[in-house]
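Observations on the three-dimensional arrangement
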Amino acid sequence: MKISEIFNLGVTQIQLDFVDINTVQDYPMYIDPYLISTRSDPWSVEVNRTIKNFFSKVAEYIRNDEHELAIELFQFMSEPKETCLGISKTGTRNGRGIGEGNATDIIREIIRSKAIEIGIVQNIEDIIVFVDDVDKDKLSDMTTNIIRKHLIDYTKEQCEIWDIPLTSNETLPYWDPISQDWITSNEELLFHKERELLLVPKAIVTFISEFNAQKYGWNYVVSDEREEQLRRRSTLVKYRKYKNGREEYYLPKTDVDKDIGRRIENGEFESRKDFLRKYTQRKPELFERFRKTRYGAVKSLSNDEIMQFTGYEDINNIIDALIVSLGNIPIGTKTASEYHKFVKSILEIIFYPHLNNPTIEEKLHQGRKRVDIVMNNITQKGFFFRLQEINKIFCPYIFIECKNYGKDVANPEIDQLSSRFAFNKGKFGILMCRTIENKDLLYQRCSDTYKDDRGLIIPLDDQDIITMLESIKNNEKDGIEQLLESIKKKVILNG
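So, a few notes on the structure that sits alongside this text. Since the structure is predicted, the reported quantities are computational estimates derived from the model, not experimental observations.

Across its full length, the chain holds 20 helices and 14 strands. If you line up the chain on its principal axes, its C-alpha atoms span 80 × 70 × 40 Å. Each of the 495 residues in the chain was classed as buried or not, and the buried ones make up 55%. Here the contacts in the chain between residues at least 6 apart in sequence split such that 70% fall between residues at least 24 apart. Only carbon and sulfur atoms are counted for the fraction: they give 47% of the accessible area of the chain, which is about 22,500 Å². Here the chain contributes 71 positive and 80 negative side-chain charges, whose respective centroids are spaced 5 Å apart.

As structure tokens, then:
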């Protein structure tokens, strides 16, 4: 059963920030450390810092020839069955990731490859390219072990949002970057039938199909070797002369690839990855270029890609039902929590994959102030990216206030939201309300706040929400962007 079914959440995958895992069957998706490293949102930065802290300690031991200490660090790793992600043939208890013995085998292979000493492996994700017997399943499992505490905290936040009960228990080991050691702690954990579960943000999982040895080898190393063979006019190079007298030397990449395979069979190299190590040691700029080009290629999975495994849902029916639900929520303070719950259910549909990790009634300023919902800005393009890069509005976090009023919101509500802004948290917010009769006046009030350097606020009413939902239903990819840009422009340029 899926998490949404076990705990009767009444929502579908597209309304959830986490992967709606199935406790009896693993999904072939993986926590991707490279994707995490490309993100600039606070959560990803913190997680990436933990990963790098662990791997720098491993590299330090290896470079200092303290191999036993490096091996000891890997002995705390186990197959993380709590996430229900990875390759499994018979369910989550029989994955093909890190087991009791092969965590040690992995670090021994890293040491034997000398990939760290020669400088070609500098990050944990690099080992999938250069170290034998490390595949995406094992890389994901290693990463899960290292960032387990971050996933525990994320799970607690999501369980608070969806009213899922937790149980106090001791955690499995996780890496602590302060002590630079594996530790455990007593935490509120998610259990189902005496089995611990970890919820994983869908924004950090991929198929790990872009950052791997195959992509690097074929697109960079084989291509470069082909050019080198052509320059040398090696015996692999073929010649042809056309009827018009034009001559051409050519060499198919497949011939180069076969030649590399032949050299491996003849013992010149131990394996394909050994060939990549030696070639990259000679030409390190190739891997540097590969890493840079992966930045745009490695992306969060879309809801459609995730639903290949969690089960397809008819998004049109979901949106129609949400629009009806919105219209059925009475206006007024008595039903404020119902409206708040509705907003929570649409945020993922409207804003994923640009925003993620919503937290409810987030405490600010040592608990003196609260904001209804806070989301992380994880985007690398689009409206929320342009806010920072073009409009220079600092917004690692997006603050969202919900007002179930029967009248237009005014200066007190705008001031309340802008007071949540801070130089280290962000200066952008969304004010969700039921109806705006005088939009020009409200935009002017938001403009006054913006011109006073108290941040940018975009108000959205029921009709705006319906317009955004309908644009998704009609597959109008730029519909949400256009609406937000239109309101932003009116607020910024007003007056």
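Now that the structure has been shown, we can carry on.
Right, let's get into the packing of aromatic side chains. What the rule picks out here adds up to 26 aromatic pairs. Ring geometry for Trp-43 and Tyr-154: centres 6.2 Å apart, planes at 55°, overall tilted. Here the residue Trp-43 occupies a position in helix H3 (residues 42-63), and Tyr-154 occupies one in helix H8 (residues 148-161), the gap between them amounting to 111 residues. You can call Tyr-154 buried: its relative accessible area is 1%. On the basis of an interplanar angle of 25° and a centroid distance of 5.8 Å, the ring pair of Phe-287 and Phe-290 is categorised as stacked. Of the two residues, Phe-287 and Phe-290 are both situated in helix H12 (residues 284-297); the distance of three residues between them amounts to about one turn of the helix.

Attention now moves to the environment of Arg-240. Position of Arg-240 relative to the elements: it lies in strand S8 (residues 238-241). With relative accessibility at 34%, the residue Arg-240 sits in the partly exposed group. Once the C-alpha coordinates of Arg-240 and Trp-218 are considered, the two residues, 22 residues apart in sequence, prove to be 25 Å apart. If near-sequence neighbours (up to four positions away) are discounted, Arg-240 is found in contact with Arg-246, Glu-247, Glu-248 and Tyr-250. There is a polar contact of 3.0 Å between the side chain of Arg-240 and the side chain of Tyr-242. Side-chain polar atoms of Arg-240 contact the side chain of Glu-248, separated by 2.7 Å.

For the rest of this paragraph, the subject is the packing of helix H14 (residues 315-328) against helix H19 (residues 462-473). Packing of H14 against H19 leaves a shortest axis separation of 10 Å and a crossing angle of 170°. The orientation of H14 with respect to H19, classified from their angle, is roughly antiparallel. Residue-level inspection shows Ile-315, Asn-316, Ile-319, Asp-320, Leu-322, Ile-323 and Leu-326 of H14 in contact with H19, the latter providing Asp-462, Ile-465, Ile-466, Leu-469, Glu-470, Ile-472 and Lys-473. Class assignment of the residues belonging to the contact of H14 with H19 gives a composition of nine nonpolar, one polar and four charged.

On to the side chain of Gln-158. Mapped onto the elements of the fold, Gln-158 is located in helix H8. According to the relative accessible area criterion, Gln-158 is buried, its value standing at 1%.

As a further point, take H14. Between its first and last C-alpha, H14 extends 20 Å over 14 residues, near the 20 Å set by a 1.5 Å rise per residue. All buried positions along H14 are accounted for by Ile-318, Ile-319, Leu-322, Ile-323 and Leu-326. Projection of H14 onto a plane perpendicular to its axis shows the buried side chains occupying an angular sector of 135°, all on one side. Opposite the buried face of H14, by more than 90 degrees, sit the exposed residues Val-324, Gly-327 and Asn-328. Taken together, the buried residues of H14 touch helix H15 (336-351) and H19. Where H14 starts, the residue carrying a side-chain oxygen 3.0 Å from the main-chain nitrogen of Asn-316 turns out to be Asp-314.

What follows is about the sheet that holds strand S6 (residues 195-197). Reading across the sheet, the three strands line up as S2-S5-S6 and stay open at both edges, with antiparallel pairing between neighbours. Sheet topology places strand S2 (167-170) and S6 at the edges, where each strand pairs with a single neighbour. In this sheet, adjacent strand axes meet at a mean angle of 70° when their direction is disregarded. Note: S2 against strand S5 (residues 186-192), four bridges, orientation antiparallel. In the sheet register, Glu-170 faces S5, and the bridge partner there is Asn-186. The sheet strands contacting H8 are S5 and S6, and the helix crosses S5 at an angle near 65°.

About the cut-offs
- Residues numbered from 1 in each chain as written.
- Predicted model: local features only at pLDDT ≥ 70, side-chain atom pairs only at ≥ 80, totals over all residues.
- Heavy atoms only, no water.
- Helix = DSSP H or I, 4+ residues; strand = E, 2+ residues; numbered from the N terminus.
- Buried < 20%, exposed > 50% of the residue type's maximum accessible area, 1.4 Å probe, protein only.
- Contact = heavy atoms within 4.5 Å.
- Areas by Shrake-Rupley, 256 points an atom, 1.4 Å probe, with all protein chains shown as cover.
- Lys, Arg positive; Asp, Glu negative; His and termini not counted.
- Charge placed at Lys NZ, Arg CZ, Asp CG, Glu CD.
- Phe/Tyr/Trp six-rings, centres within 6.5 Å; stacked < 30°, edge-to-face > 60°.
- Polar contact = N/O pair within 3.5 Å; in protein donor to acceptor, adjacent residues only side chain to side chain.
- Axes fitted to C-alpha atoms, helices over the stretch in contact; angles between N-to-C directions.
- Parallel < 35°, antiparallel > 145°, perpendicular 65-115°, else oblique.
- Nonpolar A, V, L, I, M, F, W, Y, C, P; charged D, E, K, R; others polar.
- Expected span 1.5 Å × (residues − 1).
- Arc of directions from axis to C-beta.
- Pairing = 2+ DSSP bridges.

Nothing here speaks to function; it is geometry throughout.
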